[in-house]
Amino acid sequence: MKILTIESSCDETAAAVIDEKRQVLGSVVASQDALHEQFGGVVPEIASRAHLERMLPVISSTLEKAGITLEDLDAVAVVNTPGLAGSLLVGLCAAKALAVALDIPLVAINHLQAHIYACRMAFGPEVFPCVGLIASGGHSNLYRCNGPSDFTLLGATLDDAAGEAFDKIAAMLGLPYPGGPQISRIAQQGDPKAYPFPRAMLRDKEHLNFSFSGLKTAVRYEIVGPGKADFSKAELSEEVKANIAAAAQDAIVDCLVGKSILATEKTGIKTLCVGGGVAANGRLREKLADAAEKNGVKLYIAPNELCTDNAVMGAIALERLEAGLLAPLEIDITAGRILAG
Ligand code: KG4
Ligand code: ZN
């Protein structure tokens, strides 16, 4: 049994071939970072056009890596929610065309569930049930995950996602997109205690939500002064930049860690799975490991290469296929993002 999984929800065009034992036979991720870098973030129209150009070459080279042809595929799966509308549509159209042409089943993938499934791929089925933290460019969500596709939302960001905060703060410091890895790199030379940046709602033990927009404003005021917007006049030494990066990183990390541990206390589920691009952050991994140990929580963080968007985590489609949960050909995308209600 071989399934082709397709991912195009944001700015990576990715495909993978996976067998029924969840072995990855081939996987390709074509990043669009270079196209969006000059704009300091993802430009949706550019992203969808780039997916269009890359989708077929990415699928071809994935099949080549797996050593198979289209005729060897038994099913095709695709992310249809959440994400950027134009980007999702390119993947969905490609998957539908393959399903029709090859007369094979179509399976729909939820991108957020797939981010947690990255932990299942790395560590096995014992990761469920768990509390799931997805920290990415679009989302900062906490879920009770009873099983791979059985998620209940516990909390989410009220405004920006953690990755978005990393990206915007990096842009303020003159660092290229994607900002997370850049902040993480220069923060190594900085003092995380140099600035007392806000940790919004961290002391609120009732709710499991996040808010990162105030942190962005605090960083901005630190750089240019209150009420001013012109970053071109801000001349920061490398030392100040490193200190701001380290302090902002710790503020984001403390919120993600604090609320995740609170979620394990509130649900009584002492297993925590973490996925999404921000989960690749070294400081987050370090502080999560410390907090999990102190609180008796079993911690699974997706391996770095499965944190940022990829199609291997689309192996969640096998669970749906095995349960007979096929998608009809009329299935549509559901764009947008999931915020706290
Ligand atoms: O999961 P992902 O690839 O795409 C979405 O689903 O949004 O996440 C991308 C986000 C970007 O905001 C990027 O800056 C962030 O993940 N990111 C990081 C790191 N690597 C990627 N943030 C902090 N530290 C990192 N090492
Ligand atoms: Zn993602």
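Residues numbered from 1 in each chain as written. Chains lettered and ligands numbered in written order. Predicted model: local features only at pLDDT ≥ 70, side-chain atom pairs only at ≥ 80, totals over all residues. Heavy atoms only, no water.

## A word on unusual backbone geometry
Omega for the bond connecting T81 with P82 falls within 30 degrees of zero, at -20 degrees, which places this linkage in the cis form. Inspection of the secondary structure puts P82 in the loop between β4 (75–81) and α3 (85–102). Of note, R22 is a non-glycine position whose phi angle comes to about 65 degrees, a positive value. Looking at where R22 falls in the secondary structure, it is placed in the loop between β2 (12–19) and β3 (24–31). Residue D103 is not a glycine yet carries a positive backbone phi of 55 degrees. Here D103 shows up in the loop between α3 and β5 (106–110). (Helix = DSSP H or I, 4+ residues; strand = E, 2+ residues; numbered from the N terminus.)

## Here we look at the domain arrangement of the chain
Partitioning the chain into structural domains gives domain 1 (2–115 + 309–322) and domain 2 (124–306). Domain 1 and domain 2 are separated by 27 Å when their C-alpha centres are compared. Contacts between the two partners involve 17 residues from domain 1 and, on the opposite side, 15 residues from domain 2. Roughly 1,400 Å² of surface becomes buried between domain 1 and domain 2 when both sides are summed, with 63% attributable to carbon and sulfur atoms. Looking only at domain 1, the three residues that lose the most surface to domain 2 are L112, Q113 and H115, adding up to 41% of its buried area. Remark: the boundary between domain 1 and domain 2 carries zero salt bridges. For the pair domain 1 and domain 2, the number of links is four residue pairs in polar contact (both at pLDDT 80 or more). Listed by contribution, the elements that provide at least two residues to the side of domain 1 that touches domain 2 are α1 (33–36), α4 (111–123) and α11 (316–322). (Domains from an automatic or database assignment. Contact = heavy atoms within 4.5 Å. Buried area = accessible area lost by both parts, 1.4 Å probe. Salt bridge = Lys/Arg side-chain N within 4 Å of Asp/Glu carboxyl O. Polar contact = N/O pair within 3.5 Å; in protein donor to acceptor, adjacent residues only side chain to side chain.)

## Description of the sheet that holds β4
Read across the open sheet, the five strands follow the order β3-β2-β1-β4-β5; overall the sheet is mixed. Edge positions in the open sheet fall to β3 and β5, since each of these has one partner strand only. Between one strand axis and the next, the sheet turns through 20 degrees on average, direction left out of account. In this sheet, β3 lies alongside β2 in antiparallel orientation, the contact comprising seven bridges. Bridging from a neighbouring strand, V17 pairs with G26 of β3. (Pairing = 2+ DSSP bridges. Axes fitted to C-alpha atoms, helices over the stretch in contact; angles between N-to-C directions.)

## Notes on a negative patch on the surface
On the surface, E20, E71, D72 and D74 cluster together into a patch of negative charge. Since its relative accessible area comes to 38%, E20 is described here as partly exposed. (Patch = residues over 30% accessible without salt bridge, like charges linked within 9 Å, V, L, I, M, F, W, Y side chains within 5 Å. Areas by Shrake-Rupley, 256 points an atom, 1.4 Å probe, with all protein chains shown as cover. Lys, Arg positive; Asp, Glu negative; His and termini not counted. Charge placed at Lys NZ, Arg CZ, Asp CG, Glu CD. Buried < 20%, exposed > 50% of the residue type's maximum accessible area, 1.4 Å probe, protein only.)

## Comments concerning the nonpolar core
The biggest cluster of nonpolar side chains holds 113 residues, and the ones touching the most others in it are L4, I6, V76, L173, F197, V219 and L256. It is helix α8 (residues 238–267) that contributes the most residues to this core, 14 residues altogether. Shared between two domains, this core holds at least three residues of each, these being domain 1 (2–115 + 309–322) and domain 2 (124–306). (Core = buried A, V, L, I, M, F, W, Y, C linked by side-chain atoms within 4.5 Å.)

## Side note on the site of ligand 1
Taken together, 20 residues are adjacent to ligand 1, and G137, D167, G180, G277 and D309 come closest. G277 places a main-chain nitrogen or oxygen 3.0 Å from an oxygen atom of ligand 1. D309 places a polar main-chain atom, nitrogen or oxygen, 2.9 Å from an oxygen atom of ligand 1. Relative to its unbound accessible area of 550 Å², ligand 1 is 92% covered by the protein chains. Every element with two or more residues in the shell around ligand 1 is listed here: α4, α5 (162–172) and α6 (179–187). Looking at the shell around ligand 1 residue by residue, the class counts come to six nonpolar, twelve polar and two charged. Shared between two domains, the shell around ligand 1 takes at least three residues from each, and those domains are domain 1 (2–115 + 309–322) and domain 2 (124–306). (Near = heavy atom within 4 Å. Nonpolar A, V, L, I, M, F, W, Y, C, P; charged D, E, K, R; others polar.)

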